[in-house]
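Chain by chain, the residues:
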Amino acid sequence: MSEEQDLAQQKKEAAAKAKAAALARRQSKESVTEEREGNMNVAKQKAAAAAKAKAVALARRQSKESVTGEPEGSMDVAKQKAAAAAKAKAAALARKQSKESGIEESEGNMDVAKQKAAAAAKAKAAALARKQSKESGIEESEGNMDVAKQKAAAAAKAKAAALARKQSKESGIEESEGNMDVAKQKAAAAAKAKAAALAKKKELVGKEEDPEKAKAKAIAAAKAKAAAAAKTRARVEESTEVHTDEPSPNQSILDQIVQAIERNLGQGALTDYYINNLSKDVPTLVAKPDTYFQIAKILRYDEQLNFHYLSELHGTDFETHMEIYVHLYSFNTNNSAALKVKLDRDSPVVPSLVPLWSGANWPECEAYDLLGILFQGHPDLKRILLGEDWVGYPLRKDYQPYDVEV
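Just so it is clear, the model here is predicted, and its values are computed rather than measured. (Residues numbered from 1 in each chain as written. Predicted model: local features only at pLDDT ≥ 70, side-chain atom pairs only at ≥ 80, totals over all residues. Heavy atoms only, no water.)

On to the overall build of the protein chain. When you go through the protein chain residue by residue, the secondary structure sums to ten helices and seven strands. Looking at the protein chain as a whole, 23% of its 406 residues qualify as buried. For the protein chain, the accessible area works out to roughly 28900 Å², and carbon and sulfur atoms hold 55% of it. (Helix = DSSP H or I, 4+ residues; strand = E, 2+ residues; numbered from the N terminus. Buried < 20%, exposed > 50% of the residue type's maximum accessible area, 1.4 Å probe, protein only. Areas by Shrake-Rupley, 256 points an atom, 1.4 Å probe, with all protein chains shown as cover.)

Strand order in the open sheet formed by five strands is β1-β2-β5-β4-β3, and the pairing between neighbours is mixed. The sheet is open, and its two edges are formed by β1 (270-276) and β3 (309-317), each paired on a single side. Ignoring strand direction, the axes of neighbouring strands in this sheet form an average angle of 20°. Here strand β2 (residues 282-287) runs beside strand β5 (residues 335-343); their pairing, made up of four bridges, is parallel. The partner of Thr284 across the bridge, within β5, is Ala338. Strand contacts of helix α9 (residues 292-301): β1, β2, β3, β4 (322-330) and β5, with the helix running at about 175° to β5, the strand carrying the most contacts. Contacting β3 and β4, helix α10 (residues 361-371) crosses the sheet at an angle of about 10° to β3. (Pairing = 2+ DSSP bridges. Axes fitted to C-alpha atoms, helices over the stretch in contact; angles between N-to-C directions. Contact = heavy atoms within 4.5 Å.)

Moving on, we come to the confidence of the model for the protein chain. Taken as a whole, the protein chain shows an average pLDDT of 76; of its residues, 66% reach a score of 70 or greater. Note that residues 69-74 has pLDDT below 50 and, in this model, five contacts with residues that lie over four places away or in other chains. Predicted confidence is poor over residues 239-244, with pLDDT under 50, and the contacts of this stretch with residues over four places away or in other chains come to zero contacts. (pLDDT = per-residue confidence, 0-100.)

What follows covers the pairing of β1. The pairing of β1 with β2 spans six bridges and is classified as antiparallel. Bridge pairing in β2 places Tyr273 opposite Leu285.

So, about the nonpolar core. Ranked by size, the top nonpolar core spans 38 residues in total, and within it Tyr292 and Leu353 carry the most contacts. No other element matches the six residues that helix α8 (residues 251-265) contributes to this core. If near-sequence neighbours (up to four positions away) are discounted, Tyr292 is found in contact with Ala287, Leu313, Ile324, Val326, Leu339, Val341, Val350, Pro351 and Leu353. (Core = buried A, V, L, I, M, F, W, Y, C linked by side-chain atoms within 4.5 Å.)

Examined against the element boundaries, Asn276 turns out to sit in strand β1. For the pair Asn276 and Ala337, spaced 61 residues apart in the sequence, the C-alpha separation amounts to 9.9 Å. Apart from the residues lying within four places of it in its own chain, the contact partners of Asn276 are Asp281, Val282, Thr284 and Tyr325. Separated by 3.2 Å, the side chain of Asn276 and the backbone nitrogen of Leu278 make a polar contact. (Polar contact = N/O pair within 3.5 Å; in protein donor to acceptor, adjacent residues only side chain to side chain.)

Our focus in this paragraph is the packing of α8 against α9. Two elements in contact, α8 and α9, have axes separated by 10 Å at closest approach and are oriented at 120°. Relative to α9, α8 is oriented oblique. For the pair α8 and α9, the crossing hand works out as right-handed. Within the contact between the two elements, α8 uses Ile257, Ala260, Ile261, Asn264 and Leu265 and α9 uses Gln294, Ile295, Ile298 and Leu299. Its residues assigned to classes, the contact of α8 with α9 shows seven nonpolar, two polar and no charged. (Parallel < 35°, antiparallel > 145°, perpendicular 65-115°, else oblique. Left-handed = near helix turned anticlockwise from the far one by under 90°. Nonpolar A, V, L, I, M, F, W, Y, C, P; charged D, E, K, R; others polar.)

This is the structure:
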């Protein structure tokens, strides 16, 4: 071969190599873009590009051999060397361009790509499943429709039961064990009545029922219902009587207080004494106006009683009379007691308890301010909420404002 032909062939090979390198760069860029989008694998693209380049080079080589008419043996070694060098150069250039374009993803980015691919696969599978479901045209049979109806009926029953429980709670039905038995009996009776009504309905559908026979059944059912109600009332009354007969745990405290008062003042000092079941079973004493202060003094200074703390004092207008109510407590015995006294409504006067308990100071002023009760012996009895020129006492039942327009 002449030098001119060698030069031409080298130029062609150089052009082929440059074209192959450009194609490799282009395919590398395309593979980078497609990898970021998650569509193709970079390695597969590179392999495909290499295969294409190899096929192009082989085609060119065969074409050249057919043109020049040279034997294969004279050019194989040089071409193989040139092809190897071209491949190495193309690979080095591709790596350089890959580094320059920043195609070095960390493990986190690879994980993100995997997650995106997995999410895309899941979405595709879900879409395919929906498509298959639509194409299969799932239409429920009559059996499935019955199941749906049963579910709807069950939901309706559950809703009705919840509504009944809510109404029961709102009405405040809190029954004791006896009342629970009554409720169970009522429920059983209702169930029996419902079953009987259903049976009657079925019988009427098949044949007409004898009116006399139906009337007799209704009378018998009414008698049975009345008997059950009577038994229920008797049971409730019995349980109530048993409950009221139970002694109070504070009965011994009341007895001790009454004994101390009668030992010092005699049996006529108290008008009444009892356990107040509506106020935590507090022992309650009712004193006379003339023995009120003396009884309070015994409660305060008796060594066994020692009610040295006055927790509350207030007055009340009952229209027929006024009443003072005093709450006492002993920190030594952890016992409570209450002292009451009834006063004449027209002239409510009673001794002050401030000499015994200083805590009675302001409560007695409040009772004087709002009810007009006079406490004899109080160190500074005055109005603490209203002015001294205020007319009337607002907590009296017959109170009328002095200035109606205001």
